[in-house]
Amino acid sequence: MSTLDRYDVIVVGAGHAGCEAAAAAANLGSRVLLITMNMGVIGQMSCNPAMGGVAKGQIVREVDALGGYSGIVSDKSMVQFRMLNRSKGPAMWSPRTQNDRGLFAETWRRLLEGTHQVHFWQDMVTGILVENGSVIGVRTGLGMTIPCGAVVLTSGTFMNGVMHIGERQLGGGRAGEKASHGITEQLVELGFEAGRMKTGTPPRVDGRSIDYTKLEEQLGDEDPRTFSFLPETKPPPKQLSCWITYTSPEVHDILRSGFDRSPMFSGRIQGVGPRYCPSIEDKIDRFADRDRHQIFVEPEGWNTVETYINGFSTSLPEEVQIKALRAMPGFAQARIFRPGYAVEYDYFPPTQLKHTLETKLVSRLYFAGQINGTTGYEEAACQGIMAGINAHLALKDKDPFILKRDEAYIGVLIDDLITKGTEEPYRMFTSRAEFRILLRQDNADLRLTPRSHALGLASRERMLRVELKEAQASELTALLRQQGVSPEVANPVIVPRGTSPIRQQVKLHDLVLRPQLDLSTVAALSPSIGEALSSMGDLQEEVAEQVEINAKYEGYLAKEREQAERLSRLDEVILDKDLDFLKLTSLSMEGRTKLHQIRPTTLGQASRISGVSPADLSVLLVYLGR
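Residues numbered from 1 in each chain as written. Predicted model: local features only at pLDDT ≥ 70, side-chain atom pairs only at ≥ 80, totals over all residues. Heavy atoms only, no water.

Student: Give me the overall build of the protein chain: which residues, what numbers.
Tutor: Secondary structure assignment for the protein chain yields 22 helices and 23 strands. For the protein chain, the C-alpha radius of gyration of 26 Å lies close to 25 Å, the compact-globule estimate for 626 residues. Structurally, the protein chain occupies a C-alpha span of about 80 × 70 × 50 Å along its principal axes. Per-residue burial for the protein chain yields a buried fraction of 58% across its 626 residues. Intrachain contacts of the protein chain at a sequence separation of at least 6 include 72% that bridge at least 24 residues. Here the protein chain has roughly 25400 Å² of accessible surface; of this, 50% comes from carbon and sulfur atoms. Averaging the positions of the 71 positive and the 77 negative side-chain charges in the protein chain gives two centres separated by 1 Å. (Helix = DSSP H or I, 4+ residues; strand = E, 2+ residues; numbered from the N terminus. Rg over C-alpha atoms; globule rule 2.2 N^0.38 Å. Buried < 20%, exposed > 50% of the residue type's maximum accessible area, 1.4 Å probe, protein only. Contact = heavy atoms within 4.5 Å. Areas by Shrake-Rupley, 256 points an atom, 1.4 Å probe, with all protein chains shown as cover. Lys, Arg positive; Asp, Glu negative; His and termini not counted. Charge placed at Lys NZ, Arg CZ, Asp CG, Glu CD.)

Student: Pulling in residues and values, what's your account of the sheet that holds strand S4 (residues 50-52)?
Tutor: Taken in spatial order, the three strands of this open sheet run S4-S6-S5, and their pairing is antiparallel. The sheet is open, and its two edges are formed by S4 and strand S5 (78-84), each paired on a single side. Taking each pair of neighbouring strands and ignoring which way they run, the sheet shows an average axis angle of 15°. In this structure, S4 lies alongside strand S6 (residues 94-99), joined through three bridges in antiparallel fashion. Bridge pairing in S6 places Met-51 opposite Thr-97. (Pairing = 2+ DSSP bridges. Axes fitted to C-alpha atoms, helices over the stretch in contact; angles between N-to-C directions.)

Student: Explain the sheet that holds strand S16 (residues 242-246) residue by residue, including any values.
Tutor: Pairing in this open sheet of six strands is antiparallel, and the strands run S15-S16-S17-S18-S14-S19 from one edge to the other. Pairing within the sheet leaves two strands with one partner each, and these edge strands are strand S15 (216-218) and strand S19 (336-338). The average undirected angle you get between the axes of adjacent strands in this sheet is 35°. Pairing analysis gives four bridges linking strand S17 (residues 294-299) to strand S18 (residues 306-310), with the strands arranged antiparallel. The partner of Glu-298 across the bridge, within S18, is Tyr-308.

Student: If you had to explain the pattern of salt bridges to someone new, which residues and values would you point to?
Tutor: Counted by the stated rule, this structure contains 39 salt bridges. One salt bridge in this structure joins Asp-346 and Arg-196, with 2.8 Å as the shortest N-O distance. With Asp-346 in strand S20 (residues 341-347) and Arg-196 in strand S13 (residues 195-201), this residue pair connects regions lying 150 residues apart in the sequence. Since its relative accessible area comes to 6%, Asp-346 is described here as buried. Take Arg-196: its relative accessible area is 26%, and that puts it in the partly exposed class. Here Glu-554 and Arg-481 are joined by a salt bridge, their closest N and O atoms 3.3 Å apart. (Salt bridge = Lys/Arg side-chain N within 4 Å of Asp/Glu carboxyl O.)

Student: Give me the lowdown on the environment of Thr-601, citing residues and values where you can.
Tutor: Relative to the assigned elements, Thr-601 resides in the loop between helix H20 (589-598) and helix H21 (603-607). The sequence separation of Thr-601 and Leu-579 amounts to 22 residues, and the corresponding C-alpha distance is 9.9 Å. Apart from the residues lying within four places of it in its own chain, the contact partners of Thr-601 are His-355, Val-573, Ile-574 and Leu-575.

Student: Give a description of the environment of Lys-238 that names residues and reports values.
Tutor: Tracing the backbone through its elements, the reader meets Lys-238 in the loop between S15 and S16. For Lys-238, a relative accessible area of 56% gives the class exposed. Placed 273 residues apart in sequence, Lys-238 and Leu-511 show a C-alpha to C-alpha distance of 36 Å. In this structure Lys-238 touches Val-79 and Trp-302, once residues within four positions along its chain are discounted.

Student: Describe helix H12 (residues 444-455), listing the residues and the values that go with them.
Tutor: Here H12 spans 17 Å end to end across twelve residues, near enough to the 16 Å set by a 1.5 Å rise per residue. Along H12, the residues classified as buried are Ala-444, Asp-445, Arg-447, Leu-448, Thr-449 and Ser-452. Here the buried residues of H12 occupy an arc of 165° about the axis, which is enough to place them on one side. Positive backbone phi, approximately 105°, marks Gly-456, located one or two places after H12. (Expected span 1.5 Å × (residues − 1). Arc of directions from axis to C-beta.)

Student: Now, about the environment of Asp-397: what can you tell me, with residues and values included?
Tutor: Here Asp-397 is to be found in the loop between helix H10 (377-395) and helix H11 (409-420). For Asp-397 and Glu-423, which are 26 residues apart along the polypeptide, the C-alpha to C-alpha distance reads 34 Å.

Student: Give me the lowdown on the packing of helix H2 (residues 56-66) against H11, citing residues and values where you can.
Tutor: For the pair H2 and H11, the least separation of the axes is 9 Å and the interaxial angle reads 110°. By the criterion of interaxial angle, the relationship of H2 to H11 is roughly perpendicular. Contacts from Gln-58, Ile-59, Glu-62, Val-63 and Leu-66 of H2 reach H11 at Tyr-409, Ile-410 and Leu-413. Classifying every residue of the contact of H2 with H11 gives six nonpolar, one polar and one charged. (Parallel < 35°, antiparallel > 145°, perpendicular 65-115°, else oblique. Nonpolar A, V, L, I, M, F, W, Y, C, P; charged D, E, K, R; others polar.)

Student: How would you sum up the packing of H2 against H10? Please name residues and give values.
Tutor: Remark: H2 packs on H10, axes separated minimally by 9 Å, with the N-to-C direction vectors making an angle of 25°. Taken together, the axes of H2 and H10 lie roughly parallel to each other. Regarding H2 and H10, the two cross each other, and that crossing is left-handed. Contact with H2, carried on its side by Lys-56, Ile-59, Val-60, Val-63 and Leu-66, involves Glu-378, Glu-379, Ala-381, Cys-382, Ile-385 and Met-386 of H10 and no other residues of that element. Residue classes in the contact of H2 with H10 are distributed as eight nonpolar, no polar and three charged. (Left-handed = near helix turned anticlockwise from the far one by under 90°.)

Student: Provide a residue-level description of unusual backbone geometry, including the pertinent values.
Tutor: Note: most peptide bonds trans; most residues except glycine with negative phi. Notably, Ala-55 is not glycine yet its phi reads approximately 70°, a positive angle. Summarising the element assignment, Ala-55 is placed in the loop between S4 and H2. The backbone of Leu-357 sits at a positive phi, close to 75°, despite the residue not being glycine. Here Leu-357 lies in the loop between S20 and strand S21 (365-367). The exposure class of Leu-357 is buried, given its relative accessible area of 1%.

Student: For helix H9 (residues 318-325), give the residues involved together with the corresponding values.
Tutor: Every buried residue of H9 is accounted for by Val-320, Gln-321, Ala-324 and Leu-325. Taken around the axis of H9, the buried residues stretch over an arc of 130°, which confines them to a single face.

Student: Requested: an account of the pairing of strand S12 (residues 168-171), with residues and values cited.
Tutor: Summarising the sheet, strand S11 (residues 162-165) and S12 pair through four bridges and their orientation is antiparallel. By the bridge assignment, Ile-165 is partnered in S12 with Arg-168. Where S11 hands over to S12, the hairpin turn is made up of two residues, of which Gly-166 adopts a positive phi near 60°.

Student: Now, about the side chain of Arg-447: what can you tell me, with residues and values included?
Tutor: Position of Arg-447 among the secondary structure elements: in helix H12. The residues contacting Arg-447, other than those within four sequence positions of it, are Glu-62, Glu-407, Ala-408, Leu-438, Leu-439 and Arg-440.

These values are about where atoms sit, not about what they do.
Structural data, given as C-alpha cells:
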C-alpha cells in the first residue's frame, strides 16, 4: 500500500460538518487532510438552499462567534434574508437566509483553499486504522494508508446509503453520487452500535414552467442583516422573492394513488425519518384531517431557473410526483429537473460519544453531523467545529473545549445527543433550550467569542469588536440610567404610542422598560443619547438592540442566570469514570441500566438521562458522601 505524509487531523467528508471541522483544526494550527469522494461538491447544500431558521439561526451565529465559516459563507451567497419570529420575544428571533446553492459551495471551497493548513485528497475512506484502542490513520479505496493523530468522521448520508424512488432502489448518498462502504462494518466489529435513518428531498422544478401569478409572494426583510458578526459581509443590494402555494384534496388523492408503490409504506425503508420535516406522503397520512399543506417555492440562486419545492419531499414514483405537482396552483405546466427521493443511511447512536464528540471506544476518533443522528446543515456545522477544535486540543494534550447548556445552543445539542441519544433525526428547536432567554442570536458573540479567542481560534479582530460592543453598550446603559426627562418633553412623544403619561421627571431607562416604547423612541427625547448612538459607527444597531433587550428583560435574565448557576452545581459533581453503577443496588433497575450504558461524567449529566429518577440522584449523592 502507498502511504501519504502524516497529518495531525484527517477529516472524512466535506459536507457542513467536515468543512467546519477542517477549518477549525487548521486555524488552530493542526495540519489537516480533508478527504472527500468528490472535490466538486465540497460544502454542497444537499437539500434546501437555505441556512438558519428557528433555533438553527442561533446555531449559525454561534458557529460564527466561535470563528467558524458558516455564517460568512451564508452571507456571501445570500439571495434573501428574513428574521423569523419578530412578533415574539427576542429569545425566539431567528435569522434565516435563502442562498445561491452554487455560490455557497464555491465560497466554502475558496475559504478552505485559502486556509494554509488544509490539504485535500479525493478518495473514499474504507477503514479507520486503530492500534491499542487509538486512531493511527485511515485506509482508502485507492489502496492508500494515511497516518494521522486524530480522525473526524463526517459521513453524512453516504455510509451504505440507498436512495428510494418508488419501487426502485439506487446505491448512493445523494443524487449522482455513490455510497461509501466499509466503515460501518469495521466499527461494528470494534464494538460500536449502528442503526439506520432516512431523510428525503423534493423534486426540483424548472422555474420557467411555474405561473407565479397564482402564488403568494414572500419578500425578504426591508432591512436585511447578516449572520456574521464581522463587518466584512454585507446584505445583498437586492433580494429574490420566495413564493407560497398549497396542496389540496385533489393533490392528496393523487399522492395516495401511489401509496402502494411507496417505499415508506411498503416496508422497503427501514430507517426512521425526521418527525419535524416529514415527506408529503407522511403528512397526508398522519394529518388526514387537513385538506391542505403549505408549500414554499424557493429559488436556487441568482443565475438559475432551478427551483426547490420546500415541503414536498417524497419518494413516490416519478409519474405520481409530476401529476401531484401539476395539480397545485401555479404548477399546471410544471417541468421537473429531477424527482424527489428518500435516502437511507447508517448512523451511530450518539450516546457512544463524550461531550467532546470523541468516541468512548476508540480514542482520537470523533463523529460529527448526520452520523450522530442529527438532521440539518446547522446542526452538522456546529458539531463539526466542536469536533475539529477538540481533535486539535487532544493532540496538544490540552483541556477539552465543552460548551454547557446555559452557554450555547451548541451545548444543548451535544448534551442532548450524548445524554439522551436519539432514535429519529434530531433537529434543534428553541424549546429544547431551557435557558433560551440567555442564548439569543444577538448575543452569541458576547457569549462565545471570548472563549474561542482564548483557544486561539476566534481572531483578535473579532475579540476587539466584542470588547467595543460591550463597552458601548455599558456606556449607553449608564447614560439612560443617569438622564431624566420631564413630562412636558416626554408625554407628547410617548402617549400617542399607547403608554401612560408620566407625572414627574423619570429616568430614560425606566421608559425603555415600557413594552409600548423602543429605544429609538426614547433616544429621540435626549440629544445626548442620539449623539451617543450616532458615534457608534457600524455597531450602532447591534448595541442598541443589546441595550434594549437587556433593559426590558432584566428580571427574566437574572432569574435564568440564577437557575443556570443552581443547576451547574450538579455539573461540578464529578462521577468516577470507573464507577460500577450495576453494583449500586439501591438504584432503580432502569437507572442502573441507563447509567451503565451512558456512563455520565457528572451528576448533572446523570440527572438529564431519561429513566434516571430523582431518587436515583439521591442515591448517587449519598454514595458520593454529599
